[in-house]
Amino acid sequence: MPSPIQSIVIVGGGSSGWMSASYLKKSFPNIQVTVVEAPSIPRIGVGEATIPNLQTAFFDHLGIAEETWMRRVNASFKMGIKFVNWAENPIPGVDQYYYHLFGVMPNCQGIPLSHYWAQKRLLNSSQDRLDYACYKEPVMSDAALSPRFADGRRATFYAWHFDAQLLAEYLKEISQGMGVELVPAEVDHVTKDENGYITSVDTTDGRKVSGDLFIDCTGLRATLIEKWMGESFVDMSDYLLCDAAVATQMPYASPQPTPAPYTTATALKAGWCWNIPLLDRFGTGYVHSSRHTTTDEAIQEFSQHLGIDPDQQQWNRIRFRVGRMQHAWSKNCVAIGLSSNFLEPLESTALYLTYGALYQLCLFFPDKSFDERLIERFNAEVNYSYDDCRDFVQMHYATTRRSDSTFWRANQSEITLSDSLQEKLRMYRAGLPVNAVQHDAAGYYSNFEFEYRNFWTNGSYYCVLTGMGVYPETVFPKLLYNTSAVEEAERVMQNIQREAGELVNKLPTNYQFLQALHAEGSSLAFS
């Protein structure tokens with residue numbers, strides 16, 4: 001009989017380490033799980049934005065209600081991303097923007113609503129924007145409304161912003177409550193057997209922590225998977241130019257702010273900056289290319305954009321490499337989180353790639369024989385997921401018409417486009433659906449297995465590409481033969497506008513709802 005795994009050792013804490021500990025302990029309660037976390041190594045803590053399946057794929061797995069964890073990590077709501085000044089050279093005093101929204105775009109007789117919108121634009125010269133014509137969330141976002149009614153009922157699908165440091169501490173508490181052991185120490189050596197499998201990690205204070213399966217959550221250092229297992233890193237800097245960031249936290253100017261229910265990504269001269277609003281502050285940072293600006297220049301430009309004195313701020317200076325491990329799982333070592341891959345935070349995929357990998361690890365969980373076929377399947381799945389996200393993020397840069405700096409010109413002439421992205425763009429321009437799904441939003445978000453393989457749906461491609469000023473070149477021919485479907489689609493778009501108008505009059509502001517949710521002693525529960 002195969003010998004089952006009895007112990008898991010996770011090296012590294014932070015978000016990925018404690019997500020791994022809690023997820024794996026919940027999945028395999030009889031396996032001993034130990035986290036070796038070095039107190040002296042700082043956490044990056046840059047990403048504070050997520051996507052909607054965080055609840056269904058991660059917290060539901062742990063059995064933790066949304067309002068429970070939201071209160072512990074100072075969470076706020078996110079209905080999408082507002083992209084500012086990405087499509088073309090900025091005009092002083094004018095914010096050119098578009099929304100990339102969550103959910104699944106409605107279908108009419110099996111065809112996405114986006115294609116009826118494109119037909120109206122091509123045949124009737126309609127000037128309606130896709131994000132406002134096919135989604136109700138832009139109107140809600142413009143009014144800074146909550147995606148939940150005052151009584152907690154959900155008005156739409158959404159994701160979250162939160163304090164990444166608080167998340168790590170909360171999951172650490174959850175994990176230890178489930179029986180996960182913490183070893184507060186730094187690893188300085190790894191012991192392997194004659195076949196190259198790790199048998200223990202040795203700490204600087206003389207402890208030897210043995211295990212059967214080792215999880216590398218050491219972040220960008222990739223201590224186990226790269227240094228000790230010798231796995232190669234696949235550099236993707238020819239796909240994405242940004243390799244650095246400066247980050248800070250800002251208080252609101254007013255004691256009663258209006259935190260936006262979305263992330264803002266504003267394009268600057270050598271990259272872009274994020275604005276992630278929480279209830280009591282907002283996190284912000286400038287992701288940039290070190291080939292096109294220095295750190296000091298980036299801080300100066302960013303400070304001017306924010307209207308602040310750079311010398312009065314605390315700055316987190318970050319350098320990263322874009323890419324992934326050739327194999328995230330090697331022998332009995334699995335890299336999870338930033339030790340496995342790094343993709344700039346433009347579409348908030350970092351935590352998704354973490355718990356997506358944990359989901360796949362549990363799906364292909366080994367015994368002590370470490371069947372190579374399981375390892376190969378896991379590696380194929382996580383590599384596909386990363387490459388798919390890389391292509392989607394790169395699409396924002398590849399389709400821009402900005403030419404006001406060397407960085408933006410380089411994105412039009414120097415980056416490598418994958419064959420898969422080029423094929424999707426060809427399909428889009430030909431008027432074809434790009435990864436259309438027939439599920440509604442509820443069905444889509446309740447089936448993580450399906451969502452994992454169909455992550456960027458037709459609606460995402462249409463939000464971004466139309467927002468960037470790239471449009472289908474022709475009508476989807478099937479629409480020319482079904483006038484009843486076209487009439488149905490028109491009614492659907494009218495209903496979206498009607499519902500958006502009604503929600504504006506019924507929903508509380510984002511600030512009002514979050515204030516009630518986070519109030520001491522709040523009993524507000526979601527339905």
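Scroll up for the structure.
I will try to describe carefully the structure that is included in this document. No experiment lies behind these values; they were computed from the predicted model shown.

**Structural notes on the pairing of strand 5 (residues 97–101)**
Line of reasoning, step 1. With 4 of 5 residues buried, strand 5 lies mostly within the body of the structure.
Line of reasoning, step 2. Pairing geometry for strand 4 (residues 80–84) and strand 5, over 5 bridges, is antiparallel. Note that in strand 5 the partner of Ile 81 across the bridge is His 100.

**A closer look at the pattern of salt bridges**
Line of reasoning, step 1. According to the stated counting rule, one finds 26 salt bridges in the structure shown.
Line of reasoning, step 2. Of the charged contacts in the structure, one is a salt bridge between Glu 66 and Arg 148, with a shortest N-O distance of 3.2 Å. With Glu 66 in helix 3 (residues 66–72) and Arg 148 in the loop between helix 6 (137–142) and strand 8 (159–161), the pair connects residues that are 82 residues apart, well separated along the chain. Of the two residues, Glu 66 and Arg 148, both sit in the buried class.
Line of reasoning, step 3. With a shortest N-O distance of 3.9 Å, Lys 120 and Asp 128 are connected by a salt bridge.
Line of reasoning, step 4. It is possible to trace a salt-bridge network through shared partners that takes in Arg 324, Asp 387, Arg 390 and Asp 391.

**Structural notes on the sheet that holds strand 1 (residues 7–11)**
Line of reasoning, step 1. The mixed open sheet is built from 6 strands, whose spatial order is 9-2-1-13-22-21. The strands lining the two open edges of the sheet, one partner per strand, are strand 9 (181–184) and strand 21 (329–330).
Line of reasoning, step 2. As defined by bridge partners, strand 2 (residues 32–37) adjoins strand 9 across 4 bridges and the pair is classed as parallel. Each bridged residue has a counterpart across the sheet, and for Glu 37 the counterpart in strand 9 is Pro 184.
Line of reasoning, step 3. Along the sheet face, helix 1 (residues 14–27) touches strand 1, strand 2, strand 9 and strand 13 (213–216) and points at about 170 degrees away from the line of strand 2.

**Looking at the layout of surface pockets**
Line of reasoning, step 1. Considering only enclosed or pocket space, the second largest pocket measures out at about 380 Å³ in volume.
Line of reasoning, step 2. Around the second largest pocket, the lining comprises 23 residues; the ones closest to its centre are Arg 129, Thr 466, Gly 467, Gly 469 and Tyr 471.
Line of reasoning, step 3. At the level of elements, strand 5, helix 4 (113–124), helix 5 (130–134) and helix 16 (458–467) are the ones that each hand at least two residues to the lining of the second largest pocket.
Line of reasoning, step 4. Tallying contributions element by element places helix 16 first for the lining of the second largest pocket, with 3 residues.
Line of reasoning, step 5. A class-by-class count of the residues in the lining of the second largest pocket yields 9 nonpolar, 8 polar and 6 charged.

Conventions we followed
Starting afresh in each chain, residues are numbered from 1 along the sequence in its written order. Local features in this predicted model are restricted to residues whose pLDDT is 70 or higher, and side-chain atom pairs enter the listing and the counts only when it is 80 or higher, whereas totals over whole chains, interfaces and linings include all residues. The side-chain values count all of the structure's non-hydrogen atoms but skip hydrogen atoms and water molecules. Note on exposure labels: buried denotes an accessible area under 20% of the residue type's maximum, exposed denotes more than 50%, and partly exposed covers the range between, all computed with a 1.4 Å probe on protein chains only. Each helix is a run of H or I in the DSSP string that is no shorter than four residues. Each strand is a run of E no shorter than two, and both are numbered from the N terminus. Strand pairing is defined by DSSP finding a minimum of two bridges between the two strands. Salt bridge, as used here: a side-chain nitrogen of Lys or Arg that lies within 4 Å of a carboxyl oxygen of Asp or Glu. When checking whether two residues touch, look at their non-hydrogen atoms; a contact exists if any pair is within 4.5 Å. What counts as an axis is a line fitted to C-alpha atoms, over the stretch in contact for a helix, and the angles between N-to-C directions run from 0 to 180 degrees. Only protein atoms enter the 1 Å grid, on which a cavity is a set of points fitting a 1.4 Å probe that cannot get out and a pocket is an open set with protein on both sides within 12 Å along at least 5 of 7 lines, lining residues being those with an atom within 4 Å of a point. Grid points are joined across faces, edges and corners, and a volume is the space filled by probe spheres set on the points. Here the term charged refers only to Asp, Glu, Lys and Arg, the term nonpolar to Ala, Val, Leu, Ile, Met, Phe, Trp, Tyr, Cys and Pro, and the term polar to all other amino acids, Gly among them.

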